[in-house]
Amino acid sequence: MSRFRGCLIGALVGDCFGKPFEETGKTTIESVKKFVDNVEAEKSKKNAKILHYTDDTEMRLSVEASLLKHKGFDAQDMAKRFAKEYFASKIYRNYGGHVTKIFSDWSSKHLEDVFLPARQQFNGAGSYGNGGGMRIAPAALFMYNENSQKLKELTDKITQLTHTHNLGILGAYLQAQAIHLVLNTTESPFPTERFLDKLIETMIYYEEEAFGKSYSQKHQKLKVIKEFLDEPDVDKRKIIHKLGNNVTALGSVPTSIYSFLRALSDIDGLKERNAFERTVIYAISLGGDTDTIATMAGAIAGAYWGEEAIPITWQQNCEGLALTQKHASSLYEYANK
Ligand code: F2R
Ligand code: MG
Ligand code: MG
Ligand code: MG
């Protein structure tokens, strides 16, 4: 239960803490730490400001509500929830540049095939944005006791409602698979080598299926992660150059996985922080798409370290905490019944 709740609360905290830094170009470990210190100090005051979540969480909550309601994937229902939340929200959630056109299509036309608007995006190429990966954590929880093929099928369907480019679909699956593996890992210290080897094996298989033998971008990035972890301290520019920090799935999911693994060890300037806190602060410090990279890294870290590793002051500062906790508990009950 602690790990289910840790996973979703980890995602929430990553989103809410990452949002103020999204695309600001002003991220260092120092600046993120200062922000976190302020949030922690503010919380004790009566009129502490709540940190709002973004599209990452808004869509994740819809995925959870729909999976729980239908005890599985229901395309029409999930699409309806995505669009309803987007149009009802009074808060600006900073959605991706093109995905909202899909919501408009769903709302303005009656579609027998709800996947059609996503297939039509980008002149038929489909989106390779990270919007699939940012909301996929509940799929890994829902499929906790199932094999990775079942997880792949569910992940594909949830993602394809908005993202049909293979890079978008595989990115979401990589994120889901990372959570699924971590959730099932009880050893300490964390078996990094075995975890990465398993992810590489799976990604080679699916990348070959999707693109043919010559194409293998995500698993190559996983190999880069291995190299980086062997170096004492990799320059931030090199990480951004090799792994990415942008709104594409390929340019952010491997970065999130790296953030979790890097934060298993001490990080300069974060000595007094636990591994969950290090993961989120470090992920944000890489800049660019900070809310989403921290959401995905936070979900993985929370699934390993559990709810107790996430400071209460962080949790209580986030909009959507109660609903996130409720969904996590219900997913736990569903997956373990
Ligand atoms: N929207 C933001 N942040 C604002 C950052 C603006 C950024 N510079 C930008 O270019 O958009 N955050 C939220 O968006 C991300 C999730 O996006 P999602 O749901 O994947 O949306 P979309 O619209 O499908 O894709 C995002 C952008 O990726 C590029 N893109 C995707 N597929 C493409 C293709 N086949 N060809 C060319 N470009 C493609 C486009 O620029 C899309 O706008 C998360 O960070 C979330 O927090
Ligand atoms: Mg966002
Ligand atoms: Mg999206
Ligand atoms: Mg983002």
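Residues numbered from 1 in each chain as written. Chains lettered and ligands numbered in written order. Predicted model: local features only at pLDDT ≥ 70, side-chain atom pairs only at ≥ 80, totals over all residues. Heavy atoms only, no water.

As annotated in an unreviewed UniProt entry, the protein carries the name ADP-ribosylhydrolase ARH3 and is attributed to Acanthosepion pharaonis.

Engineer: Teacher, can you tell me more about the overall build of the protein here?
Structural biologist: Looking only at helices and strands, the protein has 17 helices and zero strands in total. A compact globule built from 337 residues would reach a C-alpha radius of gyration of about 20 Å, and the protein, at 18 Å, matches this within 12%. With the C-alpha coordinates aligned to their principal axes, the bounding extent of the protein is approximately 55 × 50 × 45 Å. By the burial criterion, 57% of the 337 residues in the protein qualify as buried. Sequence-distant contacts, at least 24 apart, represent 74% of the contacts inside the protein between residues at least 6 apart. (Helix = DSSP H or I, 4+ residues; strand = E, 2+ residues; numbered from the N terminus. Rg over C-alpha atoms; globule rule 2.2 N^0.38 Å. Buried < 20%, exposed > 50% of the residue type's maximum accessible area, 1.4 Å probe, protein only. Contact = heavy atoms within 4.5 Å.)

Engineer: Help me understand the pattern of salt bridges, please; the structure alone is not making it clear to me.
Structural biologist: Oppositely charged side chains may form a pair once their charged atoms are brought near each other. In this structure the tally under the stated criterion is 23 salt bridges. In this structure, Lys 33 and Glu 30 form a salt bridge, with 3.8 Å as the shortest nitrogen-oxygen distance. Of the two residues, Lys 33 and Glu 30 both sit in helix 2 (residues 29-43), three residues apart, roughly one turn of that helix. Here Lys 33 falls in the buried class, since its relative accessible area comes to 14%. Arg 119 is the partner of Asp 113 in a salt bridge, and the nearest nitrogen-oxygen pair spans 2.6 Å. Look at Asp 113 and you get partly exposed, because its relative accessible area is 29%. Arg 119 gets classed as partly exposed once you look at its relative accessible area, which sits at 39%. (Salt bridge = Lys/Arg side-chain N within 4 Å of Asp/Glu carboxyl O.)

Engineer: Sorry if this is basic, but what is going on with the coordination of the magnesium ion (ligand 4) here?
Structural biologist: Distances from the magnesium ion (ligand 4) to its protein donors, namely Glu 22 (OE), Asp 289 (OD), Asp 291 (OD) and Thr 292 (OG1), fall within the range 2.0 to 2.8 Å. Angles of 77 to 174° at the metal separate the six donor atoms of the magnesium ion (ligand 4), which places the site in the octahedral class. The sequence pattern describing where the donors of the magnesium ion (ligand 4) fall on their chain is E-x266-D-x1-D-T. The metal-metal distance between the magnesium ion (ligand 4) and the magnesium ion (ligand 2) is 3.5 Å, with Asp 291 serving as a donor to both. (Donors = N, O, S within 2.8 Å, 3.2 Å for Na, K, Ca; no water. Tetrahedral: all angles 85-135°; square planar, octahedral: opposite > 155°, others 65-115°.)

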